[in-house]
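# Chains, contacts and geometry: an overview
The lines below spell out each chain.
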Amino acid sequence: YQRVTTPTDYDTVGYPYYLAFNGTNTAYTTPSIDFTGTDKMTVWAGVTKLSDAADGTIYMCGDPSNLQNGSFRADAPGSSTATKYQVAVRGTAASVPFTVSSAYNAPHTTVFTQVSDIGADIAQLRLGGVLVDSSTTDQGTGNYGNYPLYIGTRAGTSYYFNGRLYGLIVRGAQSSLSQIEATEAYIKQKMRLP
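Not measured: the values here are computed from a predicted model.

In this section: the pairing of strand 13 (residues 146-151). Taken together, the 5 bridges between strand 4 (residues 28-34) and strand 13 define a ladder with antiparallel strand orientation. Bridge pairing links threonine 29 to tyrosine 150 in strand 13. Note that strand 6 (residues 57-61) and strand 13 share 3 bridges and pair antiparallel. Each residue of the ladder has a partner; that of methionine 60, found in strand 13, is tyrosine 150.

In structure tokens, the structure reads:
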């Protein structure tokens, strides 16, 4: 039991910290992040998806749906798959959205990892430390772009995420399996998961 009296008065000892997203208007954004020197990306997030009622974006850098070259995003739930997680990446070719192969009904808590490589046409999604889906569809060429990172929304105007974000690490580089697993373990520890 966690005592919560007001938004600023609650138990913190023994409970993980997180950003709370209400699915309506809560979101964050960063200034543009220059990923133009790489065509590889690894993103880790500690996520609790609280609702499947409406599409929600966990993070987005550029917009693959609007054909912005060198962009990536993750949704929970995905637009065409109400209970699933979805990732989209793009080099210079058409957007590559894909979803996990089985449903994850809300509420659902997991360590979410996206691995992508534009030049090698690699796009992978890991949940809870396990590879659950991948795509080798042609992503075109080029590197990632220089875009703001939106957290909890798509472009700051729609697809507001309804859930919790315990941590987010964005690495504009290829990560080895041991690096991926070590970072997943770190996020899991921050989430206080068994």
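From this point on, the discussion continues.
Under the criterion given, the structure shown has 9 aromatic pairs. Relative to tyrosine 28, the ring of phenylalanine 21 has its centre 5.7 Å away and its plane inclined at 90°; by these criteria the two rings are edge-to-face. Under the relative-accessibility criterion, phenylalanine 21 is labelled buried at 4%. Each residue in the set Phe35, Tyr59, Phe72, Tyr85, Tyr104, Phe112 and Tyr144 is aromatic and connected to the rest through ring pairs, giving one cluster. Its guanidinium or amino end placed over the ring of tyrosine 85, lysine 49 lies 5.4 Å from that ring's centre, counting from NZ or CZ. Just above the ring of tyrosine 159 sits the side chain of arginine 154; from NZ or CZ to the centre is 3.9 Å.

Bringing the nonpolar core into the picture now. Grouped together as the largest cluster of nonpolar side chains are 28 residues, with contacts concentrated most on Val47, Ile58, Tyr59, Phe72, Tyr85 and Phe112. Listed by contribution, the elements that provide at least two residues to this core are strand 5 (40-49), strand 6, strand 7 (71-75), strand 8 (86-90), strand 11 (122-127) and strand 13. Broken down by element, this core gets its largest block of residues, 4 residues, from strand 5. Excluding its chain neighbours within four sequence positions, the residues that come into contact with valine 47 are Ile58, Tyr85, His108, Thr109, Thr110, Phe112, Phe161, Arg164, Leu165, Tyr166 and Met191. Counting 7 residues, the second-largest nonpolar core is a separate cluster that includes Trp44, Val111, Val115 and Tyr166.

Calculation rules
- Residues numbered from 1 in each chain as written.
- Predicted model: local features only at pLDDT ≥ 70, side-chain atom pairs only at ≥ 80, totals over all residues.
- Heavy atoms only, no water.
- Pairing = 2+ DSSP bridges.
- Helix = DSSP H or I, 4+ residues; strand = E, 2+ residues; numbered from the N terminus.
- Phe/Tyr/Trp six-rings, centres within 6.5 Å; stacked < 30°, edge-to-face > 60°.
- Buried < 20%, exposed > 50% of the residue type's maximum accessible area, 1.4 Å probe, protein only.
- Lys NZ or Arg CZ within 6 Å of the ring centre and 35° of its normal.
- Core = buried A, V, L, I, M, F, W, Y, C linked by side-chain atoms within 4.5 Å.
- Contact = heavy atoms within 4.5 Å.

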